Amino acid sequence: MKLSFFGAAREVTGSCFLIEATGARFLVDCGMVQGGREASARNHEPFDFDPATIDFVLLTHAHIDHSGLLPKLTRAGFRGPIYATTATADLLGVMLPDSAHIQESDARRDARRARGAPPLAPLYTLHDAQMCLRQVRSVDYDREFAPRVGVRCRLRDAGHILGSAIVEVWITEYGHATKLVFSGDLGQPGRPILRDPTPIDEADVLVLESTYGNRHHPDPTATEDEMIALVERTLHQRGGNVIMPAFAVGRTQQIIYLLHRLAREGRLHHPMVFVDSPMATEATRITRQHLELFDEQARSLAGWHARGGNLPFLHFTASAEESKALNQIRSGAIIISASGMCEAGRIRHHLRRNLPRPECCVLLPGFQAQGTLGRRLVDGATQVRLFGEDIPVRAEIRTVEGLSAHADQKALLDWAGAFRQPPARTFVVHGEPAAATTLADTLHEKLGWHVSVPERGESACWPEFLATPK
């Protein structure tokens, strides 16, 4: 048996792990690398394996850094099933065609700008995405299924975004079963809307995320107070707009929920809130169809919403014309738009209009990967390039890490503490080097675990590595 790390190894994005055992070859995730031109070049590279030989895919959740290369996989010859939770399957129906549209639009733009050099072809097309969606198979949480003889699987609630899953896999060879657990992205316990991550009590091999492996989130009340202060200062004292780049799936719904609750509690004076992302609008609709996955407080608020206690100041834009009309609003608006790391989508137009304005605020509520425009803003860039123009950064740039959908270090350690005994081997992934190594060292020091931080392309074979840690 063999486990290979082809993405999200000493980096946050591009999740892709290959397992070879019992004559089967399958993937956990097939995600897109995010973060500038280098990421684009990597996404266009051939896969490190032959897609036609992959028997099936287990998908942890719908975010593009976990699912975004699935249409490319299909285009390259993969014909097997893609197993995901029902909510994830619903979200893929929106996200993969949207991603294909971005690929095709970017390719056309690059072709127009090309000066002699051949432009890159799109990673995949809308047709590829539609063909890929035919391979998706919905699986309920907590139900065991056997995608192949000798392989049993189960998807558990990860509490990260709607439909997100921890993947449990039992592989039986020569009468001996080995259990692998892939955490996917874990949510922060006690946060609104989704349920807390399901505790897992045993594994032979654990592949654990570490996005915030070296950080702690602030107290939720402090986060809310900070957000209210930012909104009040920007909208009412300075007369500007608040621009919020947010992932269309998960973060946007979380922010809507928070604004909704703060308004209901009388802590936030009703601003104009615009969700300018067709995909976020669709994702919000899908979210409302899966109330069974909400926590009790969120179900209560959703009921209040349905009874007419709506947000009179919440508007979802649909057309490009409506989006462009937002450019005429000079003050008093909160504009939530994708993408969350500012790499694509309508958010870039809003940044072009509002970054030069010192009365405005760009509020970044999520993690910003290295190489992304969002990360450059967080790191203090005084000028950025958008649509071929050099745009000065005069707006206030703020991050609110307390809104993150990722577990912080304490939450990751608490989740790991539920194991009755240490996994024989743990591999820490989905984190920049500092975060991954810090979490690995802490797991070793506090829990006595055998932990590795794999490099991209590294493989581990067992049963040998189970008994002999590096």
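In case you missed it, the structure is sitting above this.
Sequence order as written defines the numbering, with residues in each chain counted from 1. Totals for whole chains, interfaces and linings use every residue, but because this is a predicted model, local features are given only for residues with pLDDT of at least 70 and side-chain atom pairs only at 80 or more, for both listing and counting. Hydrogen atoms and water are omitted, and side-chain values are computed over all heavy atoms in the structure.

(A) Spatial organisation of helix α8 (residues 278-288). Along α8, the residues that are buried comprise Met-279, Ala-280, Ala-283, Thr-284, Ile-286 and Thr-287. Across the axial projection of α8, the buried residues extend over an arc of 160°, all falling on one side. In this analysis, two residues are considered to be in contact whenever any of their non-hydrogen atoms come within 4.5 Å of each other. Labels follow the DSSP assignment, with helices taken as runs of H or I lasting at least four residues and strands as runs of E lasting at least two, numbered in each case from the N terminus. Looking at the packing, one finds that the buried side of α8 touches α4 (86-113), α7 (251-264), β13 (272-275) and β14 (314-316). Throughout this description, buried means an accessible area under 20% of the type-specific maximum (1.4 Å probe, protein chains only), exposed means over 50%, and partly exposed covers the range between. It is the directions from the helix axis to the C-beta atoms that the arc portrays.

(B) Broad picture of the environment of Ala-146. Tracing the chain through its elements places Ala-146 in strand β7 (residues 145-148). Residue classification places Ala-146 among the exposed residues on the basis of a relative accessible area of 56%. Put simply, Ala-146 and Gly-380 are 234 residues apart on the chain and 50 Å apart in space, counted from C-alpha to C-alpha. The residues touching Ala-146, leaving out its near neighbours within four places in the chain, are Val-151 and Arg-152.

(C) Broad picture of the packing of helix α13 (residues 409-416) against helix α14 (residues 433-447). Geometry is summarised by axes, namely lines fitted to C-alpha atoms with helices restricted to the contacting stretch, and by angles between N-to-C directions that run from 0 to 180 degrees. Viewed as axis vectors pointing N to C, α13 and α14 meet at an angle of 45°, and their least axial separation amounts to 11 Å. For the element pair α13 / α14, the angle class is oblique. The crossing of α13 and α14 is right-handed. Residues Gln-409, Leu-412, Leu-413 and Ala-416 of α13 form the contact with α14, whose own contacting residues are Thr-438, Leu-439, Thr-442, Leu-443, Lys-446 and Leu-447. Residues are grouped as follows: Ala, Val, Leu, Ile, Met, Phe, Trp, Tyr, Cys and Pro are nonpolar; Asp, Glu, Lys and Arg are charged; every other residue, Gly included, is polar. Its residues placed into classes, the contact of α13 with α14 shows six nonpolar, three polar and one charged. These descriptions rest on fixed angle ranges, namely under 35 degrees for roughly parallel, over 145 for roughly antiparallel, 65 to 115 for roughly perpendicular, and the rest for oblique. A crossing counts as left-handed when the near helix is turned anticlockwise from the far one by less than a right angle, and as right-handed when that turn is clockwise.

(D) The environment of Pro-356, seen in detail. On the secondary structure map, Pro-356 appears in the loop between α11 (347-354) and β16 (361-364). Considered as a pair, Pro-356 and Ile-391 are 35 residues apart in the sequence and their alpha carbons are 6.8 Å apart. When sequence neighbours within four positions are dropped, the list of residues in contact with Pro-356 reads Leu-351, Ile-391, Pro-392 and Arg-394.

(E) Fine view of the state of the cysteines. Pairs of cysteine sulfur atoms within 2.5 Å are identified as disulfides in what follows. One pass over the full model with this rule turns up zero disulfides. The closest cysteine sulfur to the non-disulfide-bonded Cys-16 is located on Cys-30, 4.7 Å from its own sulfur. The exposure class assigned to Cys-16 is buried, which follows from its relative accessible area of 6%. Take Cys-360: it sits in no disulfide, and the sulfur closest to it among the cysteines is that of Cys-361, at 8.7 Å.

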